[in-house]
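Single-letter residue listing:
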Amino acid sequence: MVLVIGGSGSGKSAYAEACMETLSKGKRKYYLAAMKVYDKEGEKKVARHRQLRKGKGFVTIEQKTDIERALEKMEDGEKTALLECVLNLTANEMFSENGIQSEASVAEKVVDGILALRMGLTHLVVVSGNVFEDGTRYDETTMAYIRAVGKIHGSLAERAEKVVEVVAGIPVIVKGS
């Protein structure tokens, strides 16, 4: 598992896709999209990411929650996947139709789901965004979300073979080689 983290517009998605090119040789390649689109800005972001992936051989699976269920939609055999992104997946799990879920239960559910996904794949590249960088104190619900993401990052980083932070388009290896 490779964990790729970076700020908005840092180049983390492009790095993750390049990583997939290396890891997926001879294997099926899946793109797991977790973003719910709510507005024109979201539509633009999805369109941009689709354009970036065009012609790269990805099979896209939209899986907004219960990320491990994406395995049910994949073919048998060796396969790789790029999950984009932990921030969206966490928000979808936390702010569900059943109300706001606790940060601890959401962190556990997301980590367990990603680890189950990892077990069914040859390689998994997980993309996420930086949290706690702006120094702003938000309302308690938003802070619970940020803390949940922080717990998820820590847990995934501990288990990942490689952790990379992309800064201004430059990959900085935090763990692994």
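Residues numbered from 1 in each chain as written. Predicted model: local features only at pLDDT ≥ 70, side-chain atom pairs only at ≥ 80, totals over all residues. Heavy atoms only, no water.

Moving on: a nonpolar patch on the surface. On the surface, Val167, Ile170, Val172 and Val174 cluster together into a nonpolar patch covering about 350 Å² of accessible area. By residue number, the principal contributor to the nonpolar patch is strand S9 (residues 170–175), which donates three residues. When you line up the elements, Val167 lands in strand S8 (residues 162–167). Accessibility expressed as a relative area gives 43% for Val167, which makes it partly exposed. (Patch = residues over 30% accessible without salt bridge, like charges linked within 9 Å, V, L, I, M, F, W, Y side chains within 5 Å. Areas by Shrake-Rupley, 256 points an atom, 1.4 Å probe, with all protein chains shown as cover. Salt bridge = Lys/Arg side-chain N within 4 Å of Asp/Glu carboxyl O. Helix = DSSP H or I, 4+ residues; strand = E, 2+ residues; numbered from the N terminus. Buried < 20%, exposed > 50% of the residue type's maximum accessible area, 1.4 Å probe, protein only.)

The next point concerns the packing of helix H3 (residues 86–94) against helix H4 (residues 103–119). Between H3 and H4, whose axes approach to 10 Å, the crossing angle comes to 130°. Taken together, H3 and H4 sit at an angle that is classed as oblique. In this structure, the crossing between H3 and H4 has a hand that is right-handed. Here H3 contributes Val86, Leu89, Thr90, Glu93 and Met94 to the contact with H4, which in turn contributes Glu103, Val106, Lys109, Val110 and Ile114. (Axes fitted to C-alpha atoms, helices over the stretch in contact; angles between N-to-C directions. Parallel < 35°, antiparallel > 145°, perpendicular 65-115°, else oblique. Left-handed = near helix turned anticlockwise from the far one by under 90°. Contact = heavy atoms within 4.5 Å.)

We now examine the packing of aromatic side chains. Overall, the coordinates contain two aromatic pairs when judged by the stated rule. Relative to Tyr145, the ring of Phe95 has its centre 6.2 Å away and its plane inclined at 40°; by these criteria the two rings are tilted. On the criterion of sequence distance, the pair formed by Phe95 in strand S5 (residues 95–96) and Tyr145 in helix H5 (residues 140–159) is long-range, its members being 50 residues apart. Residue classification places Phe95 among the partly exposed positions, given a relative accessible area of 36%. (Phe/Tyr/Trp six-rings, centres within 6.5 Å; stacked < 30°, edge-to-face > 60°.)

Honestly, it's all geometry; don't read function into it.
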